[in-house]
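Structural description and commentary
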Amino acid sequence: MTAVWRSIFLAVCFGIILAIFSIDLFAAEPASIKVQLWNKGGTMGLTMDKTSVPSGPVEFEITNTSKNTMHEFLIAPWKGSLTSLPYDKSESQVAEGKVPGLQGQEDMKPGTQTTLRLVLKPGSYIVFCNQPGHYKMGMYAHLNVS
Ligand SMILES: [Cu+2]
């Protein structure tokens, strides 16, 4: 290897190392929210450790803390009242087909945990559980994405 090629090679190596380090230094950690899906003595709910996050990647660490009940975690942009999602009375469930932008993690067995990574735009969101009857029992919460 000539001296010129060696210095080019070293410069490229140095550049690659710098690039790796800067990616590592400047990559933003995704916002993280701990979610608990729970039921106790005839009541149930969905509890989050924060109610506002910056837009972009968001990581939901979801735990179904129930010992005996299936729950789920659904999220959709929603500006209205938290109790006014379109509802299908015959199914005792939110009419999911009428909620634009709905996504999430369905059917979490009791005692299970999962991590859901989403990319969220700024806005007002509703999070809820849509196992039959659970939305009306109070399994919903508001999330603000700024
Ligand atoms: Cu539920």
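You'll find the structure just up there.
Throughout, a residue's number is its position along its own chain's written sequence, starting from 1. With the structure being a predicted model, the display of local features is reserved for residues of pLDDT at least 70 and the display and counting of side-chain atom pairs for 80 or more, all residues being used for whole-chain, interface and lining totals.

1. Overview of the overall build of the protein
Helix numbering and strand numbering both begin at the N terminus, where a helix is a DSSP run of H or I of at least 4 residues and a strand a DSSP run of E of at least 2. Of the regular secondary structure elements, the protein holds one helix and 11 strands. Counted from the first residue to the last, the protein has its helices and strands arranged as α-β-β-β-β-β-β-β-β-β-β-β. Look at the contacts in the protein between residues 6 or more apart in sequence, and 75% of them connect residues 24 or more apart. Note on contacts: each residue gets a C-beta atom placed from the backbone, and two residues are in contact if those atoms are within 7 Å.

2. Some details on the nonpolar core
Within soluble globular proteins, side chains that are nonpolar tend to cluster in buried spots. The biggest cluster of nonpolar side chains holds 23 residues, and the ones touching the most others in it are Leu46, Phe73, Val127 and Phe128. At four residues, the largest contribution of residues to this core is made by strand β10 (residues 123–128). Not counting chain neighbours up to four residues away, the residues in contact with Phe73 comprise Val35, Leu37, Phe60, Ile62, Gly104, Gln105, Leu116, Val127 and Cys129. Put simply, a nonpolar core is a cluster of buried Ala, Val, Leu, Ile, Met, Phe, Trp, Tyr and Cys residues tied together by C-beta atoms within 7 Å. Burial in this document is a count-based property: other C-beta atoms within 10 Å of a residue's C-beta are tallied, and the residue is buried at 20 or more, exposed at 12 or fewer, or partly exposed in between, with C-beta positions derived from the backbone.

3. Here's the deal with the environment of Leu102
With respect to the secondary-structure elements, Leu102 resides in the loop between β7 (93–94) and β8 (103–108). Along the backbone, Leu102 and Leu74 are 28 residues apart, and their C-alpha atoms lie at a distance of 6.8 Å. Setting aside anything within four residues of it in sequence, one finds Leu102 in contact with Leu74, Ala76 and Glu96.

4. What to know about the pairing of strand β9 (residues 113–120)
Among the eight residues in β9, zero count as buried, and that is only a small part of the element. Two strands qualify as a pair provided DSSP detects at least 2 bridges between them. Pairing of strand β4 (residues 56–64) with β9, which is carried by eight bridges, proceeds in the antiparallel orientation. Note on β9: the bridge partner recorded for Pro57 is Val119.

5. A word on the environment of Ile33
Note on placement: Ile33 falls in strand β1 (residues 31–40). Look at Ile33 and you get partly exposed, because 19 C-beta atoms sit within 10 Å. Put simply, Ile33 and Thr51 are 18 residues apart on the chain and 8.5 Å apart in space, counted from C-alpha to C-alpha. Apart from residues lying up to four places away in sequence, Ile33 is in contact with Met48, Asp49, Lys50, Val53, Val58 and Phe60.

6. Thoughts on the sheet that holds strand β3 (residues 52–53)
Overall, mixed pairing links the five strands, which are arranged β3-β11-β10-β5-β8 in an open sheet. Each end of this open sheet is capped by a strand with a single partner; those strands are β3 and β8. Direction of pairing for β3 relative to strand β11 (residues 140–145): parallel, over a ladder of two bridges. In the sheet register, Val53 faces β11, and the bridge partner there is Val145.

7. Examining the pairing of strand β2 (residues 43–48)
Where β1 and β2 come together, six bridges link them in antiparallel fashion. Its bridge partner being in β2, Gln36 is matched across the sheet by Thr47. Between β1 and β2, which pair antiparallel one after the other, the connecting turn spans two residues, and Gly41 there sits at a positive phi close to 45°.

8. Thoughts on the sheet that holds β1
On the basis of which strands lie adjacent, the open sheet formed by four strands has the order β2-β1-β4-β9 and mixed pairing. The sheet is open, and its two borders are formed by β2 and β9, each paired with just one other strand. In this sheet, adjacent strand axes meet at a mean angle of 20° when their direction is disregarded. Whenever a helix is involved, its axis is fitted only over the stretch in contact; in every case the axis is a line through C-alpha atoms, and angles between N-to-C directions fall within 0 to 180 degrees.

9. Describing unusual backbone geometry
Phi angles above zero are rare outside glycine, and Ser92 is one such case at about 55°. Turning to its location among the elements, Ser92 is positioned in the loop between β6 (87–88) and β7. Positive phi outside glycine occurs at Asp107, with the angle close to 45°. Inspection of the secondary structure assignment puts Asp107 in strand β8.

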